[in-house]
Amino acid sequence: MILDRYFAKRFLFSFLMIGAVFLTLIMLIDLIEQLRKFEGVEVSFGQLFRLMLLSAPAAINEILPLLMILSTVVLFVGLARSSELVVTRAAGRSGIRALAAPVLVAMVIGGLAVSTLNPIVAATSNRYQQLVDTYRTGGPSALSLSGEGLWLRQGALQGQSVIHATGYGEGADSLVLYDVTILTYAKDGGPVRQMRAKSATLTQDEWILGDVKVWPLVTGLNPETSAATHDILRIPTTLTEDRIRDSIGKPTGISIYDLPETIRELKRAGFATKRQEVWLQAELARPLFLVAMVLVGATFTMRHTRFGGTGVAVLASVLLGFGLYFIRNFAQILGENGQIPVTLAAWAPPIASILLTLGLLLYAEDG
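Just so we're clear, the structure is a prediction, and the values are computed from it rather than from any experiment.

Draft legend 1. Main features of the overall build of the protein. Helix and strand content of the protein: 12 helices and seven strands. A buried classification covers 43% of the 367 residues belonging to the protein. Long-range pairs, those at least 24 residues apart, make up 61% of the contacts in the protein with a sequence separation of at least 6. Total accessible area computed for the protein in this model is approximately 18600 Å², and 63% of it derives from carbon and sulfur atoms.

Have a look at this one:
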């Protein structure tokens, strides 16, 4: 147990050290990107710094597999150079047994990533997008789905608009909402008009409403007697087709604790849920995939440095890790498109990665 605790502490220290280095680099690069993105917009440095902090959890969450590989490489290369791994084997403990502590730490980190980091990423990503919309257009844009249909909120310098639609479809080159109700608010927060249309087609920078009726909500006017009808009415928008499509199918902005209920809501509203289902299962399988990355890093580095080729071994482990990461993402895409079952898309890559690396480790130990 003393040796296991020692290996676990070394591995955790390597993970925290490498994570701190990568986090610093990511934050600096992201700050430069924010300065470029908001060039010409009246935004203070403090606001840009806040955006950088909000985007950092998502970046760390994305590179966790790479951190696992590099932490394992640093651990076992250090143990090999100090001959500690040789002494461990000479004491009768196999190399695979020495992996028990790093694997356990990886499982704990994976569990924390799913249970704690995932909700943090969801909250910070949503807040980041709200602030970006506010800084650019004067108000946040939002999208939500429920059993009652699709809800949108778009911001503009003149005020906010809330859009509700009971149906959603995609044409050849445009996005169409059906049975649409739009409530427009003034900049001070009061409603100024309500519109109801059979359809709303999103173009590059405007909604094209078809068969629409408009009620002015002004003090002293009767909304019904002052209402007007239009065959076609165009209103400006800050929303884009890509933004709406990504928001509808993007599960990263939803906490894993809320995702099952969101999937049920989407099904009741008649929307496809493959992407959300694959994401949920992939998040649950994340601890296993992080364990696989630890095994990948150990496969090529659990050897004494006197044999040479340490640089090649490190490069091989990183390349194999990237290959497995690509296969995992490719399997998720197949699952989202319905080409393979959801469970297979989420769980097969990490399990296959563990079996592959265990086979390589056993072969190396026998050699």
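Draft legend 2. Seen up close, the packing of aromatic side chains. In this structure the tally under the stated criterion is four aromatic pairs. Residues Phe289 and Tyr325 carry aromatic rings whose centres are separated by 6.4 Å and whose planes lie at 45° to one another, so their mutual orientation is tilted. Within this pair, whereas Phe289 is found in helix 10 (residues 286-299), its partner Tyr325 is found in helix 11 (residues 310-336), the two being separated by 36 residues in sequence. Summarising the burial analysis for this pair, Phe289 and Tyr325 share the class buried. We note Arg328 situated over the ring of Phe289; from NZ or CZ to the ring centre the distance is 4.7 Å.

Draft legend 3. Broad picture of the pairing of strand 5 (residues 191-202). Sheet analysis places strand 4 (residues 175-185) next to strand 5, joined by 10 bridges and oriented antiparallel. The residue bridging Val176 from the neighbouring strand is Thr201, located in strand 5. Pairing geometry for strand 5 and strand 6 (residues 206-216), over nine bridges, is antiparallel. Within strand 6, the position partnered with Ala200 by the bridge is Leu209. Turn length for the strand 5-strand 6 hairpin, with the two strands adjacent in sequence and antiparallel, is three residues.

Draft legend 4. Representation of the packing of helix 10 against helix 11 within the structure. Axis separation between helix 10 and helix 11 bottoms out at 9 Å; the angle between their running directions is 155°. Classed by the angle they form, the pair helix 10 and helix 11 counts as roughly antiparallel. Where helix 10 crosses over helix 11, the handedness of that crossing is right-handed. Listed contacts from helix 11 to Phe289, Met293, Val296 and Gly297 of helix 10 are Ser317, Leu320, Gly321, Leu324, Tyr325 and Arg328. Here the residues of the contact of helix 10 with helix 11 are counted per class, giving six nonpolar, three polar and one charged.

Draft legend 5. Here's a closer look at the pattern of salt bridges. Taken as a whole, this structure holds six salt bridges when the rule is applied. The partner of Glu206 in a salt bridge is Arg234, and the shortest N-O contact between them spans 2.7 Å. Placement of the pair is Glu206 in strand 6 and Arg234 in strand 7 (residues 228-236), with a sequence separation of 28 residues. Where Lys213 meets Glu224, a salt bridge forms, and the shortest distance between an N and an O atom there is 2.8 Å. Here Lys213 is found in strand 6, whereas its partner Glu224 is found in the loop between strand 6 and strand 7, with 11 residues between them in sequence. You can call Lys213 partly exposed: its relative accessible area is 25%.

Draft legend 6. Layout of helix 10. With 14 residues, helix 10 should cover 20 Å at 1.5 Å per step; its first-to-last C-alpha distance of 20 Å lies within 8% of that length. A large share of helix 10 lies buried, amounting to 13 of its 14 residues.

Draft legend 7. Focus on unusual backbone geometry. One non-glycine residue, Asp179, lies in positive phi territory at about 50°. One can find Asp179 in strand 4.

Draft legend 8. Broad picture of the side chain of Glu283. Assignment of secondary structure puts Glu283 in helix 9 (residues 274-284). According to the relative accessible area criterion, Glu283 is buried, its value standing at 1%. Apart from the residues lying within four places of it in its own chain, the contact partners of Glu283 are Val114, Asn118 and Ile256.

Draft legend 9. Representation of the nonpolar core in the model. Counting 41 residues, the largest nonpolar core has Leu64, Met68, Phe76, Leu99, Met293 and Met302 as its most contacted members. Elements with a contribution of two residues or more to this core: helix 1 (2-37), helix 3 (64-81), helix 6 (100-137), helix 10, helix 11 and helix 12 (342-366). Judged by nonpolar contacts, the second largest core, of 19 residues, contains Val180, Ala200, Leu209 and Val212.

Draft legend 10. Layout of a nonpolar patch on the surface. On the surface, Phe13, Met17, Val21, Leu25, Ile29 and Val74 cluster together to form a nonpolar patch covering roughly 580 Å² of accessible area. Sorting elements by how many residues they give to the nonpolar patch places helix 1 first, with five residues. Assignment of secondary structure puts Val74 in helix 3.

Draft legend 11. Here's a closer look at the packing of helix 3 against helix 11. Where helix 3 meets helix 11, the closest approach of the two axes is 10 Å, and the angle between their N-to-C directions is 155°. Looking at the two axes, helix 3 sits roughly antiparallel to helix 11. The element helix 3 and its partner helix 11 pack so that their crossing is right-handed. On the side of helix 3, the interface is formed by Pro65, Leu66, Ile69, Leu70, Val73 and Val77, while helix 11 contributes Thr310, Val314, Ser317, Val318, Gly321, Phe322 and Tyr325. Here the contact of helix 3 with helix 11 is built from residues that sort into 10 nonpolar, three polar and no charged.

Draft legend 12. Quick peek at the environment of Leu217. Along the chain, Leu217 falls in the loop between strand 6 and strand 7. Separated by 26 residues in sequence, Leu217 and Pro191 have C-alpha atoms that sit 6.4 Å apart. Residues in contact with Leu217, not counting those within four places in the same chain, are Leu183, Pro191, Val192, Arg193, Gln194 and Pro223.

How each quantity is defined
- As a convention, each chain's residues are numbered from 1 in the sequence order in which they are written.
- With the structure being a predicted model, the display of local features is reserved for residues of pLDDT at least 70 and the display and counting of side-chain atom pairs for 80 or more, all residues being used for whole-chain, interface and lining totals.
- Excluded from the side-chain calculation are hydrogens and water; included are all heavy atoms of the structure.
- A helix here means a DSSP run of H or I that spans at least four residues, while a strand means a run of E at least two residues long, and both kinds are numbered starting from the N terminus.
- For the exposure calls, accessible area comes from a 1.4 Å probe over protein chains only, and a residue counts as buried if that area is under 20% of its type's maximum, exposed if over 50%, partly exposed in between.
- Any two residues having at least one pair of non-hydrogen atoms within 4.5 Å are treated as being in contact.
- Per-residue and other accessible areas follow the Shrake-Rupley method at a 1.4 Å probe size, with only the shown protein chains counted as cover for residues.
- Aromatic pairs are defined between Phe, Tyr and Trp rings, using the six-membered ring for Trp, whenever the two ring centres lie within 6.5 Å; interplanar angles under 30 degrees are classed as stacked, those over 60 as edge-to-face, and all others as tilted.
- Criterion for a charge above a ring: Lys NZ or Arg CZ within 6 Å of the ring centre, and within 35 degrees of the ring normal.
- Any two strands with at least two DSSP-identified bridges between them are counted as paired.
- Geometry is summarised by axes, namely lines fitted to C-alpha atoms with helices restricted to the contacting stretch, and by angles between N-to-C directions that run from 0 to 180 degrees.
- Just so you know how the angles are binned, under 35 degrees is roughly parallel, over 145 roughly antiparallel, 65 to 115 roughly perpendicular, and the rest oblique.
- Throughout, a crossing is termed right-handed when the near helix is turned clockwise from the far one, and left-handed when it is turned anticlockwise from it by less than a right angle.
- Under the scheme applied here, ten amino acids are nonpolar (Ala, Val, Leu, Ile, Met, Phe, Trp, Tyr, Cys and Pro), four are charged (Asp, Glu, Lys and Arg), and all others, including Gly, are polar.
- Counted as salt bridges are all cases of a side-chain nitrogen of Lys or Arg within 4 Å of a carboxyl oxygen of Asp or Glu.
- Multiplying 1.5 Å by the residue count of a helix minus one yields the expected span of that helix.
- Here, the term nonpolar core denotes a set of buried Ala, Val, Leu, Ile, Met, Phe, Trp, Tyr and Cys residues that are joined through side-chain atoms within 4.5 Å.
- Every patch collects residues that have over 30% relative accessible area and no salt bridge, joining them within 9 Å if they carry like charges and within 5 Å if they are nonpolar side chains (Val, Leu, Ile, Met, Phe, Trp, Tyr).

It is worth stressing that arrangement in space is one thing and function is another; only the former is reported here.
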